[in-house]
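The lines below spell out each chain.
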Amino acid sequence: MPMKEQSLKVAVIGAGVSGLHTARELKTQGHAVTIFEKTKKLGGTWAYDPRVEPDPLGLDPGREIVHSSLYQSLRVNLPRRLMGFLDYPFTERKDPREFPGHEEMLLYLEDFAKDFGLVELVRFEHEVVRVERVDEVSHEWVVESRTRRSDSKEEEEKEEVFEAVVVCNGHHTQPRIAHFPGMDSWPGVQIHSHNYRTPEPFQNLIVVVIGNGSSAVDILTEISSVAKEVHQALQASDIHFKKLESHNNIWQHSMIECTKEDGKVVFQDGSFVYADVIMHCTGYKYHFPFLRTNGIVSVDDNRVGPLYKHVFPPQLAPWLSFVGLPYRGVTTLIIELQSRWVARVLSGKVALPSEEEMASSVEELYQHMEESGWPKRHTHQLQNKFDYEDWLITQILDLPPLEEWREQMYFSALKKIISIDDDDFRDTWDIDKWMQEIA
């Protein structure tokens with residue numbers, strides 16, 4: 001049976017997509033919401049920042065961290081109609097394309113925040129440095145934040161107590177890098193895609209790009225317009241050295257075997273190249289440096305856990321939750337459904353299973369992954385067609401089933417988008433015609 005309905009004082013960490021939608025849902029359910037945002041503006045990863053970090057691989061823990069990983073030319077890789085929230089369509093602002101640039105997505109989020117009265121809930125330039133339970137038996141949480149006074153260089157720290165905390169700080173800031181013998185003594189430049197903004201610095205250089213995700217495909221194609229040569233290193237075992245027919249200066253290889261002090265990059269298929277730059281388009285780490293739970297919640301090889309359905313730690317539920325961890329799906333939709341679920345659970349309208357039942361569910365997932373040979377680092381990668389999203393809707397109670405076209409459009413776009421001519425697809429796919437065909 002659901003708990004008695006209640007209104008809580010809730011802290012939301014981050015004012016990106018996850019934080020804004022979570023705040024909207026919490027506010028709708030009558031909770032008192034405070035959003036902590038460490039930068040000067042909302043939007044999270046969609047707030048483009050031309051700066052790059054002083055450590056191009058992101059290995060120095062003391063470096064100045066730039067939150068956003070956007071490159072200047074980035075466009076959304078799913079149709080606009082999928083990117084919007086269910087009750088707040090992503091309609092045209094300034095960019096009319098069905099696959100608009102990142103500026104359009106930021107305008108959408110800014111409009112969303114204004115229309116639902118969220119801007120006044122945000123404490124800008126308030127970095128959360130500690131989230132910890134008041135004591136081992138309490139459901140209350142201390143949130144310690146740090147900000148710099150506008151009239152001086154001095155930092156101020158403040159502690160506040162909240163009844164619940166929702167972590168929405170994103171997971172596209174802390175780089176994961178590839179490792180191979182010789183990388184520390186290789187004389188060229190190594191950079192993670194987190195610190196890529198424009199292709200001009202790669203003029204007339206020989207560049208090796210590691211990875212085959214959306215950012216890797218975007219970046220290697222863009223760099224090829226100015227670079228002397230671009231070589232893509234892929235993890236797949238069936239990849240062998242070949243030149244791409246659609247480009248006169250892009251070659252594909254298997255993964256890097258090792259690098260040499262003379263600048264040579266040797267690939268596992270036996271091919272090699274003398275390169276100037278190695279670009280790591282190898283993804284990101286989940287990172288919660290502020291979270292202190294005495295080991296109850298940890299990050300192990302990119303597995304955040306234990307979490308019931310990627311959201312609630314069984315031992316700390318529902319007072320601590322995470323929104324926006326899963327990937328390989330329609331991210332905005334997943335965030336919307338998760339945030340609705342969290343808000344209703346905290347209000348008492350929806351009940352969670354017992355701690356034991358939630359823990360058992362998590363263990364079943366881990367066991368299934370192990371038996372299937374699915375790597376731990378892919379714990380939050382959604383594997384099935386919209387099963388997770390459909391399950392969330394059953395928990396929310398007041399939403400109708402998702403329209404079939406959403407799933408069909410997602411997988412149709414996914415099939416087409418995995419190609420070297422990514423932008424060609426985004427500019428030529430006639431979605432209106434496609435919608436008529438499936439109707």
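Residues numbered from 1 in each chain as written. Predicted model: local features only at pLDDT ≥ 70, side-chain atom pairs only at ≥ 80, totals over all residues. Heavy atoms only, no water.

1. Here we look at helix α5 (residues 331–347)
Phase 1 of the analysis: With 17 residues, α5 ought to run about 24 Å at 1.5 Å a step, and its terminal C-alpha atoms sit 24 Å apart, in line with that.
Phase 2 of the analysis: The element α5 is extensively covered by neighbouring structure, given that 16 of its 17 residues are classed as buried.
Phase 3 of the analysis: One or two residues past the end of α5 sits G348, with phi positive at roughly 90°. (Helix = DSSP H or I, 4+ residues; strand = E, 2+ residues; numbered from the N terminus. Expected span 1.5 Å × (residues − 1). Buried < 20%, exposed > 50% of the residue type's maximum accessible area, 1.4 Å probe, protein only.)

2. Brief notes about the pattern of salt bridges
Phase 1 of the analysis: Counted under the stated rule, the structure contains 26 salt bridges.
Phase 2 of the analysis: The partner of R75 in a salt bridge is D427, and the shortest N-O contact between them spans 3.0 Å. Highlighted residues: R75 in the loop between β2 (32–37) and α2 (80–83) and D427 in helix α9 (residues 422–428), separated in sequence by 352 residues.
Phase 3 of the analysis: The exposure class assigned to R75 is buried, which follows from its relative accessible area of 8%.
Phase 4 of the analysis: Between D95 and R97 there is a salt bridge, and its shortest N-O distance comes to 2.9 Å.
Phase 5 of the analysis: Under the relative-accessibility criterion, R97 is labelled partly exposed at 35%.
Phase 6 of the analysis: Look at the salt bridges and you will find they share partners, linking R24, E25, D87, E336, R340, R344 and D398 into a network. (Salt bridge = Lys/Arg side-chain N within 4 Å of Asp/Glu carboxyl O.)

3. Topic: the environment of G213
Phase 1 of the analysis: Secondary-structure assignment places G213 in the loop between β10 (206–210) and α4 (214–223).
Phase 2 of the analysis: G213 sits in the partly exposed class, given a relative accessible area of 38%.
Phase 3 of the analysis: With 106 residues separating them in the primary sequence, G213 and L107 have C-alpha atoms 26 Å apart.

4. Some remarks on the sheet that holds strand β15 (residues 264–267)
Phase 1 of the analysis: Pairing in this open sheet of 3 strands is antiparallel, and the strands run β14-β15-β16 from one edge to the other. Because the sheet does not close on itself, it has two edges, and the strands there are β14 (256–259) and β16 (272–274). Averaged over neighbouring strand pairs, the angle between their axes works out to 20° when direction is ignored.
Phase 2 of the analysis: Pairing geometry for β15 and β16, over 3 bridges, is antiparallel. (Pairing = 2+ DSSP bridges. Axes fitted to C-alpha atoms, helices over the stretch in contact; angles between N-to-C directions.)

5. Regarding a negative patch on the surface
Phase 1 of the analysis: A grouping of D135, E136, E140 and E163 is seen on the molecular surface, where their side chains present a negatively charged patch.
Phase 2 of the analysis: Positionally, E163 belongs in the loop between β6 (155–162) and β7 (164–167).
Phase 3 of the analysis: Judged by relative accessible area, E163 falls into the partly exposed class, the value being 30%. (Patch = residues over 30% accessible without salt bridge, like charges linked within 9 Å, V, L, I, M, F, W, Y side chains within 5 Å. Areas by Shrake-Rupley, 256 points an atom, 1.4 Å probe, with all protein chains shown as cover. Lys, Arg positive; Asp, Glu negative; His and termini not counted. Charge placed at Lys NZ, Arg CZ, Asp CG, Glu CD.)

6. Brief notes about the pairing of β14
A regular strand places its side chains so that they alternate between the two faces of the sheet.
Phase 1 of the analysis: With 3 bridges joining them, β14 and β15 adopt antiparallel strand pairing. Bridge assignment links I256 to a residue of β15, and that residue is F267.
Phase 2 of the analysis: The turn joining β14 and β15, which pair antiparallel and follow one another in sequence, is formed by 4 residues; a positive phi near 95° is taken by G263.

7. Looking at the packing of helix α1 (residues 17–28) against α5
Between two packed helices, the angle of one axis relative to the other and the distance separating the axes together describe the packing.
Phase 1 of the analysis: Their axes nearest at 8 Å, the elements α1 and α5 cross at an angle of 35°. In the packing of α1 onto α5, the handedness of the crossing is right-handed. Touching V17, S18, H21, T22, R24, E25 and L26 of α1 are T332, I335, E336, S339, R340, A343, R344 and L346, all from α5.
Phase 2 of the analysis: The residue inventory of the contact of α1 with α5, partitioned by class, reads 5 nonpolar, 5 polar and 5 charged. (Left-handed = near helix turned anticlockwise from the far one by under 90°. Contact = heavy atoms within 4.5 Å. Nonpolar A, V, L, I, M, F, W, Y, C, P; charged D, E, K, R; others polar.)

8. Re the pairing of strand β11 (residues 229–234)
Phase 1 of the analysis: Most of β11 is tucked away, with 5 of its 6 residues classed as buried.
Phase 2 of the analysis: Looking at chain direction, β10 and β11 are connected through 5 bridges and run parallel. By the bridge assignment, V207 is partnered in β11 with V230.
Phase 3 of the analysis: In terms of handedness, the path from β10 via α4 over to β11 forms a crossover that is right-handed.
Phase 4 of the analysis: Bridging between β11 and strand β13 (residues 250–254) involves 5 bridges; their strand directions are parallel. Across the sheet, residue H231 finds its bridge partner in β13, namely W251. (Right-handed = clockwise from strand over helix to strand, strands pointing away.)

9. Remarks on the sheet that holds strand β4 (residues 127–133)
Note on sheets: strands pair through backbone hydrogen bonds, and any given pair is parallel or antiparallel.
Phase 1 of the analysis: Here we have 4 strands laid out as an open sheet, ordered β6-β5-β4-β19, and mixed in their pairing. Whereas interior strands pair on both sides, the edge strands pair on one side only; in this sheet they are β6 and β19 (291–292).
Phase 2 of the analysis: One ladder, built from 6 bridges, connects β4 with strand β5 (residues 141–148); its direction is antiparallel. In the sheet register, R133 faces β5, and the bridge partner there is W141.

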